[in-house]
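Listed here are the chains, written in short residue letters.
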Amino acid sequence: MHHCTPSLVTTREELASLLNETSRPRVLVPTMGALHRGHAALLETGRQLAGDGGTLVASIFVNPTQFGPGEDFDAYPRSLEADLETCAAAGVDVVFCPTREEIYPTGLSTTSVSEASLSQGLCGASRPGHFDGVCTVVLKLLNLIAPDTAIFGKKDYQQLAVLRRMVADLDVPVKIVGAETVRQSDGLALSSRNTYLTPDQRTQATALRRGLLAAHALHRAGDPTASDLVDRVRATLATDAPDARVDYLELVDCGSLAPIAPASPIPDHALIAAAVFFGKTRLIDNIELDR
Ligand code: PAF
């Protein structure tokens, strides 16, 4: 059992010398902290993949380069003490919690990684530069930590797809594992941003998952078009979440994230992906359409 206190390191030198003493497999769960049960599930998967003899590393870094101007970088919740307890309970061996200067020592990085295909639509369209920031920091973490496996949640479905593509395109020797979304009992996907919601917005936010499930049921029951499914989600939001503002709601191919035409029947391996504002808080969720 791994219930020891994890080693906390903040500099790349400490990280390197500590990792030198550890055995493989080495598994990395990159996070921005504010850890909730969704992260705990990633860490538990990581612990299993590392096994008793291997090493589980969690990184905690609120990466400034993936936040756009006017986004919530300053407001993003930070809870290091509780996060360390979550890491300890999940059996994490090493927590890497660098400062901004440690990760970006020359200030603004003049080299960045840009995935130019899967990053274009969905969140990429409404958050310009976001996935460049994600790819850049994740590649840096992969280089600093050199894990055998890195784990990312499926709630950020596009992020997972973009990172899979990045490591394939750049021959990064790591296996990427996707982990299932963890939800509240009313279906709301766990997110650090849920803490921004007012009680009323929190109630309305459950409509997103209900709408996605209703669309999924419609798909299983017959042969809807892509726009039938989008309309189904919109109808649930219209009745149950009057204050919701849809950022995007799209049917895409699970692998390429290419949009499925509105009048088209639903191919195998389709995904409904959504981003919806409740007040100023932007939440995302998705559902894979299987039969
Ligand atoms: O998903 C996240 O928490 C972040 O985007 C990640 C992968 C840790 C990169 O900063």
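Parameters at a glance
- Residues numbered from 1 in each chain as written.
- Predicted model: local features only at pLDDT ≥ 70, side-chain atom pairs only at ≥ 80, totals over all residues.
- Heavy atoms only, no water.
- Pairing = 2+ DSSP bridges.
- Helix = DSSP H or I, 4+ residues; strand = E, 2+ residues; numbered from the N terminus.
- Axes fitted to C-alpha atoms, helices over the stretch in contact; angles between N-to-C directions.
- Contact = heavy atoms within 4.5 Å.
- Phe/Tyr/Trp six-rings, centres within 6.5 Å; stacked < 30°, edge-to-face > 60°.
- Buried < 20%, exposed > 50% of the residue type's maximum accessible area, 1.4 Å probe, protein only.
- Parallel < 35°, antiparallel > 145°, perpendicular 65-115°, else oblique.
- Nonpolar A, V, L, I, M, F, W, Y, C, P; charged D, E, K, R; others polar.
- Near = heavy atom within 4 Å.
- Polar contact = N/O pair within 3.5 Å; in protein donor to acceptor, adjacent residues only side chain to side chain.
- Areas by Shrake-Rupley, 256 points an atom, 1.4 Å probe, with all protein chains shown as cover.
- Salt bridge = Lys/Arg side-chain N within 4 Å of Asp/Glu carboxyl O.
- Core = buried A, V, L, I, M, F, W, Y, C linked by side-chain atoms within 4.5 Å.

Caption draft 1: Seen up close, the sheet that holds strand β5 (residues 149-153). Judged by pairing direction, the sheet is parallel, and its six strands sit side by side in the order β1-β4-β3-β2-β5-β6 without closing on themselves. Two strands bound the open sheet, and with one partner strand each, they are β1 (7-9) and β6 (175-179). Direction aside, the axes of adjacent strands within the sheet are offset by 25° on average. As defined by bridge partners, strand β2 (residues 26-31) adjoins strand β3 (residues 55-60) across six bridges and the pair is classed as parallel. Its bridge partner being in β3, Thr 31 is matched across the sheet by Ile 60. This element, helix α3 (residues 80-89), spans β1, β3 and β4 (94-96) of the sheet and lies at about 165° to β3. Sheet strands touched by helix α7 (residues 157-169): β5 and β6. Its angle to β6, the strand with the most contacts, is close to 170°.

Caption draft 2: View of the packing of aromatic side chains. Overall, the coordinates contain three aromatic pairs when judged by the stated rule. A ring pair is formed by Phe 61 and Tyr 104, whose centres lie 6.3 Å apart and whose planes are at 45°; its orientation type is tilted. Taken as a pair, Phe 61 in the loop between β3 and α3 and Tyr 104 in the loop between α4 (100-103) and α5 (122-126) lie far apart in primary sequence, 43 residues in all. Residue classification places Tyr 104 among the buried positions, given a relative accessible area of 7%. Here the aromatic rings of Phe 67 and Phe 73 are separated by 5.4 Å at their centres, their planes lie at 70°, and the arrangement is edge-to-face.

Caption draft 3: Local environment of the packing of helix α1 (residues 12-20) against helix α6 (residues 130-145). Put simply, α1 and α6 touch, their axes get as near as 10 Å, and they point 45° apart. Relative to α6, the element α1 is oriented oblique. Across the interface between the two elements, Arg 12, Leu 15 and Leu 19 of α1 pack against Lys 140, Leu 144 and Ile 145 of α6. Its residues placed into classes, the contact of α1 with α6 shows four nonpolar, no polar and two charged.

Caption draft 4: Just the side chain of Gln 158, in detail. Counting through the fold element by element, Gln 158 comes out in helix α7. Relative accessible area serves as the criterion here: at 6%, Gln 158 is assigned to the buried category. With sequence-adjacent residues up to four places away left out, Gln 158 is seen in contact with Leu 118, Ser 119, Gln 120, Gly 121, Leu 122, Cys 123, Gly 124, Phe 131 and Leu 257.

Caption draft 5: Region of the structure containing the site of the ligand. Taken together, Pro 30, Thr 31, Met 32, Asn 63, Gln 66, Val 137, Val 138, Phe 152, Asp 156 and Gln 159 form the complete shell of residues around the ligand. Separating an oxygen atom of the ligand from a side-chain N or O atom of Gln 66 is a distance of 2.6 Å. A distance of 2.7 Å separates an oxygen atom of the ligand from a polar side-chain atom of Gln 159. When the free accessible area of the ligand is taken as 290 Å², the share hidden by the protein chains comes to 89%. Elements represented by at least two residues in the shell around the ligand include exactly β2 and α6. Residues of the shell around the ligand, tallied by class, amount to five nonpolar, four polar and one charged.

Caption draft 6: Summary view of the pattern of salt bridges. Within the structure shown, the criterion is met by 13 salt bridges. In this structure, Glu 102 and Arg 12 form a salt bridge, with 3.8 Å as the shortest nitrogen-oxygen distance. Residue Glu 102 is located in helix α4, and its partner Arg 12 is located in helix α1; the two are separated by 90 residues in the primary sequence. Looking at Arg 12, the relative accessible area reads 27%, which means it is partly exposed. Residues Asp 247 and Arg 282 are paired through a salt bridge, measuring 2.8 Å at the closest nitrogen-oxygen approach. Pair noted here: Asp 247 is in strand β7 (residues 244-253) and Arg 282 is in strand β9 (residues 281-289), with a separation of 35 residues, a long-range link.

Caption draft 7: Fine view of the environment of His 130. The topology assignment puts His 130 in helix α6. For His 130, a relative accessible area of 9% translates into the label buried. Put simply, His 130 and Gln 66 are 64 residues apart on the chain and 4.4 Å apart in space, counted from C-alpha to C-alpha.

Caption draft 8: Expanded view of the nonpolar core. In terms of nonpolar packing, the biggest core is built from 43 residues, with Val 138, Leu 142, Ile 145, Met 166 and Leu 257 touching the most fellow members. With nine residues, α6 is the largest single contributor of residues to this core. The next biggest cluster of nonpolar side chains, apart from the first, holds 25 residues, and it includes Leu 212, Ala 226, Leu 251 and Val 276.

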